[in-house]
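Fold and geometry: a report
Here is how the chains run, residue by residue.
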Amino acid sequence: MLPRKRAGEVEVEDDDHNTGSSLKKHRIGCLISSSATAGTTEPEKTNNSSKNNIINNNNEHSSSSVVPLTMALSNGNPPDIDEDLHSRQLAVYGRETMRRLFASNILISGIDGLGAEIAKNLILAGVKSVTLHDEAKVHMWDLSSNFIFSENDIGKNRALASVQKLQELNNTVIISTLTTKLTKEQLSGFQAVVFTDISFDKAIEFNDYCHNHQPSISFIKAEVRGLFGSIFCDFGPEFTVFDVDGEEPHTGIIASITNDSPALVSCVDDERLEFQDGDLVVFSEVHGMTELNDGKPRRIKTARPYSFTLDEDTTNFSRYEKGGIVTQVKQPKVLKFKPLREALKDPGDFLLSDFSKFDRPPLLHLAFQALDKFVSEVGRFPVAGSEEDAQKLVSIVNNINENLGDGRLEDINPKLLRSFAFGARAVLNPMAAMFGGIVGQEVVKACSGKFNPLYQFFYFDSVESLPTEPLDSSDFRPLNSRYDAQISVFGSKLQKKLEDAKVFIVGSGALGCELLKNVALMGVSCGSQGKLTITDDDVIEKSNLSRQFLFRDWNIGQAKSTVAASAAASINPRLNIEALQNRVGPETENVFHDAFWENLSIVINALDNVNARLYVDQRCLYFQKPLLESGTLGAKCNTQMVIPHLTENYGASRDPPEKQAPMCTVHSFPHNIDHCLTWARSEFEGLLEKTPAEVNAYLSNPSEYTSSMKNAGDAQARDTLERVRECLDRERCETFQDCITWARLKFEDYFVNRVKQLIYTFPEDATTSTGVPFWSAPKRFPHPLQFSSSDISHLHFVMSASILRAETFGIPVPDWVKNPKNLAEAVNKVIVPDFQPMKDAKIVTDEKATTLSTASIDDAAVINDLVIKLEQCRKSLPPEFKMKAIQFEKDDDTNYHMDLIAGLANMRARNYSIPEVDKLKAKFIAGRIIPAIATSTAMATGLVCLELYKVLDGSHKLEDYRNTFANLALPLFSMAEPVPPKVMKHRDMSWTVWDRWIIKGNPTLKELLQWLKEKGLNAYSISCGSCLLYNSMFPRHKERMDKKVVDLAREVAKLELPSYRCHLDVVVACEDDDDNDIDIPQISIYFR
């Protein structure tokens, strides 16, 4: 059993002094247990899928106490997951997977750079315990790849030196150490074991034990050797995968079903179906052919974009009438793993990452076995630069290959094996980061059954990252520096280039933190000439801490870039770093000016939005700077290399815009929960942010405000004034009971009256002008709700709405509002007027409509009337009256924002018989939360830094670079050469988007035209920004010929040129002598 200790009181035992009573004890403010003896380190045994170990605190109230409404109306789950901390991870894994992780005990043996990365990712994920095993001591060599160690740790045991810094990542994870020889019996208490530095003989022994153990223990062997890496997974004789890909089950809205064998099911054509042949599906809400509503999974025979045939005879079923939802049923999958002993001889199919290297994995399968044999025979790794050692390794590979008989490889590629031998001792940080992400994800799969495991071998290399020029053996010689491991692979010349690089990292969130750690360990910008600039205008929030690993809970509220820079400097004190808090954009070009961009070696994006990426891309394009781009979405990640003159730029290809639901669908005809939540978010902002803001705008300057509304004179101005008047008159609140009344009447308006009006205007049997039933799929016929103070969800809506309404009016919130009985009494006092539907109500049904406001010929008269009424309202207000506009904040569960949005959405869903969601799922959708986990982030940044070696070396070709898309859930790795830029030609000239023509000497307009004429180009239009400086069609423009272009820009375009700007840019439209338009590069005219 693990020793139990209170948080904040800790003892770490140091094995070096483990003699009787002379135990050396250190106190640190974390929950840590550590030991060198097997007897005290075995974790508690828990079942892989155990849910009973989670403590449920909901029963801690005495029977006589009143359960507060906030607790009674929570997500209905035991408070075992800190949703503020893990919200982005929950969006990827879900609660059940998280609970399984929380019950999992993990062993990591070998705390080199790779072991540290794996430990980091698992501790951030929140497993129950991590036991670190290592018998070795920290050496200077380790500092190239391990972010945990500093020079002060040299000589200490690697496991013991890691505990404190790893514990800071997550105080809820129990971290233990083992510092003596590991026995197989010690593995019995773990759900998964990972080995990063182990011989094949020992690995086979441990793997046999894990494979045959009851229940089986998931075993992972991973290695990083220079620019080469390998992973082997064995999750036991039978391993069940509960969710192969982590995607939501696909659905379709049914339009028709035939009575046939096989039956043809057609769906509405607003979205393509994602079903595949062989998928199992279930039906619900089908009218007429109700036999399909039995919940029985049925198999799809042939899938098409908007229909499919069902492997079912429906000839004798009832005739289909209308409606119906078809939903994919995700099936568990059982995998049978082979133990390492068998898999080495019969590896099966290798997981490929790069199809240009399809023959590489079988060779690396032999190379890693040969390296193991080399180390066992010689007692050390091959020496970098030693041709003798490299030849010995090649010879061992050759012998193993010859013994394979018919399975032997035709070419063992001695040149590749030479590179493998030279770097075999080194663990490089980018490789450790990449493999740490992959292995961390495999451990999560092993513990939870979530996502498809790696089956069973994965080999990878990035030999393209090596310098292009041949290196002498002396280049690899150690310098007794923290970069010696890296120098043993790349040589000292590239190390100098790394240290002198001038780097700009944009963003210091999850990607930024990982990138900073990587470049600090690589020595980037750590030389006397080097400088790293990082900028981010955001501050640290609690939800960042589960993946932005440079931040701690005591940093919440501080600037991200400042904290991240300080943390990176503690990893490598030689890092020359400057932290800024500026957003990169047109408004900060005085900070990030021309000289700043021109001085850079490279730009690395760590951004979370497309617009910012596009701006940085344009800057890099303009100044011809390399840009390394990456992004993540849950378990997926991608990287893109943007290299001047070699590749296309980031903005050259765009994802299609996200499909938006029509306004009329969201407001009157929702058919899924996303529509309900979009509407709820819109109503929240209208009621609590926009209307109070409009009220304040009016009160701060009534005459100016009303004048602008009169000038607008449209339906939107009319509606805005009506909302302001209602807020200050009929709906103004002075007491908390007024707020309850407002909330109760809002319930009636939203979920009763509006629905009654809708079904009065469009009854259930209504038809369109073409005779088709109006309420055809995807429309769902709604039903009004009946408010009940005994319905806890109704009461919760009123509570959250009234609390937020009180906040806008500055009214104190009484404690009794959270008591269901007291709140029900207050709600029942509200008098709800009867509702009569209007005969001439206008309800928007046009899917192309962009506004719900309908124009009227008397809008101006109505606006004038409203202005008069508003003035009367204003006179009755208290002096200095002002409302508080509430901005939506999704990550504060105490502010009732998500309570109200979830309440709005779920009551609306109930109107339309749409399945409701809990508050967390509502937060994901309404808050537009991007799913994020540490593993995919680590992998993406590792891949980026492998490309960074190539860029800073400066002489690599297009075919050496790699763009990557990866999905750790499947797992899938797809690497490809970047796309080259489009080339345009004219006469003997050619150019791409990367080219910018430069003219110096402050030319006149005439000189510019002549300069182009000499290139065979006839300019007919010259513009600067949005202003035309010259057009051949305008005779007056010929008067401008002798003026300097810069003066024309100042006079005509009103261009302000600050002192730091030395040039201006013009866009020129040209024709050749045959009157064909020629698209030429942007022209920069230097005037200073």
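These numbers come from a predicted model, not from an experiment.

1. Let's talk about the packing of aromatic side chains
- For the coordinates displayed, the defined rule picks out 47 aromatic pairs.
- A ring pair is formed by Phe-147 and Phe-549, whose centres lie 5.3 Å apart and whose planes are at 75°; its orientation type is edge-to-face. Of the two residues, Phe-147 is situated in the loop between strand S4 (129-133) and helix H5 (158-167) and Phe-549 in the loop between strand S19 (531-535) and helix H15 (560-571); the sequence distance between them amounts to 402 residues.
- Assessed through its relative accessible area of 9%, Phe-147 is described here as buried.
- On the accessibility criterion, Phe-549 (2% relative accessible area) is buried.
- Ring geometry for Phe-747 versus Phe-797: centroids 5.8 Å apart, planes at 65°, classification edge-to-face. Here Phe-797 lies in helix H23 (residues 792-809) and Phe-747 lies in helix H22 (residues 736-761), a separation of 50 residues in the sequence.

2. Focus: the pairing of strand S11 (residues 263-267)
- In S11, alternate side chains face the same way, and those of Ala-263, Val-265 and Cys-267 are buried while those of Leu-264 and Ser-266 on the opposite face are not.
- As paired elements, strand S10 (residues 251-257) and S11 share three bridges and run antiparallel to each other. Among the inter-strand pairings, Ile-254 is bridged to a residue of S11, identified as Cys-267.
- The turn joining S10 and S11, which pair antiparallel and follow one another in sequence, is formed by five residues.
- Bridge count for S11 against strand S14 (residues 307-310) is four bridges, and the pairing is antiparallel. By the bridge assignment, Val-265 is partnered in S14 with Phe-308.

3. Topic: the packing of helix H14 (residues 510-522) against H15
- In the contact formed by H14 and H15, the axes pass within 9 Å of each other and the chain directions differ by 30°. The angle between H14 and H15 falls in the class roughly parallel. In this structure, the crossing between H14 and H15 has a hand that is right-handed. Where H14 approaches H15, its residues Leu-516, Lys-517, Ala-520 and Leu-521 are matched on the opposing element by Ala-564, Ala-565, Ala-568 and Ile-571.

4. Considering helix H19 (residues 673-700)
- When the terminal C-alpha atoms of H19 are compared, their 39 Å separation across 28 residues agrees well with the 40 Å that a helix rising 1.5 Å per residue should span.
- The largest bend in H19 amounts to roughly 40° and is located at Gly-686.
- Sitting at the amino-terminal end of H19 is Asn-672, which places a side-chain oxygen 3.1 Å from the backbone nitrogen of Asp-674.

5. Brief notes about the sheet that holds strand S21 (residues 602-605)
- Reading across from one edge, S20-S19-S18-S21-S22-S23-S24-S25 is the order of the eight strands in this open sheet, with mixed pairing throughout. Each edge of the sheet is formed by a strand with only one pairing partner; in this case those strands are strand S20 (577-580) and strand S25 (972-976). Strand-to-strand, the axes of this sheet are offset by a mean angle of 10°, without reference to chain direction.
- Contacts between H15 and the sheet are confined to S19 and S20, with S20 contributing the most and set at about 165° to the helix.

6. Focus: the pairing of S14
- Residues Ser-307 and Thr-309 of S14 are buried on one face, and the alternating residues Phe-308 and Leu-310, pointing to the opposite face, are buried as well.
- Pairing between strand S13 (residues 298-303) and S14: three bridges, direction antiparallel. In the strand pairing of S14, Ala-303 is matched with Phe-308.
- The antiparallel pairing of S13 with S14 creates a hairpin that spans three residues between the two strands.

7. Looking at a negative patch on the surface
- Taken together, the side chains of Asp-269, Asp-270, Glu-271, Glu-274, Asp-846 and Glu-847 make up a negatively charged region of the molecular surface.
- Topologically, Glu-271 is positioned in the loop between S11 and strand S12 (280-284).

8. Notes on unusual backbone geometry
- A cis amide bond links Ser-261 to the next residue, Pro-262, at an omega of 0°.
- Along the polypeptide, Pro-262 turns up in the loop between S10 and S11.
- In this structure, the amide linkage connecting Ala-777 to the following residue, Pro-778, adopts the cis form with an omega of 10°.
- Here Pro-778 is to be found in the loop between H22 and H23.
- Of note in this structure, His-645 is not a glycine but carries a positive phi near 70°.

Analysis parameters
Residues numbered from 1 in each chain as written. Predicted model: local features only at pLDDT ≥ 70, side-chain atom pairs only at ≥ 80, totals over all residues. Heavy atoms only, no water. Phe/Tyr/Trp six-rings, centres within 6.5 Å; stacked < 30°, edge-to-face > 60°. Helix = DSSP H or I, 4+ residues; strand = E, 2+ residues; numbered from the N terminus. Buried < 20%, exposed > 50% of the residue type's maximum accessible area, 1.4 Å probe, protein only. Pairing = 2+ DSSP bridges. Axes fitted to C-alpha atoms, helices over the stretch in contact; angles between N-to-C directions. Parallel < 35°, antiparallel > 145°, perpendicular 65-115°, else oblique. Left-handed = near helix turned anticlockwise from the far one by under 90°. Contact = heavy atoms within 4.5 Å. Expected span 1.5 Å × (residues − 1). Bend = angle between axes of the 7 residues up to and from the residue. Polar contact = N/O pair within 3.5 Å; in protein donor to acceptor, adjacent residues only side chain to side chain. Patch = residues over 30% accessible without salt bridge, like charges linked within 9 Å, V, L, I, M, F, W, Y side chains within 5 Å. Areas by Shrake-Rupley, 256 points an atom, 1.4 Å probe, with all protein chains shown as cover. Salt bridge = Lys/Arg side-chain N within 4 Å of Asp/Glu carboxyl O. Lys, Arg positive; Asp, Glu negative; His and termini not counted. Charge placed at Lys NZ, Arg CZ, Asp CG, Glu CD.

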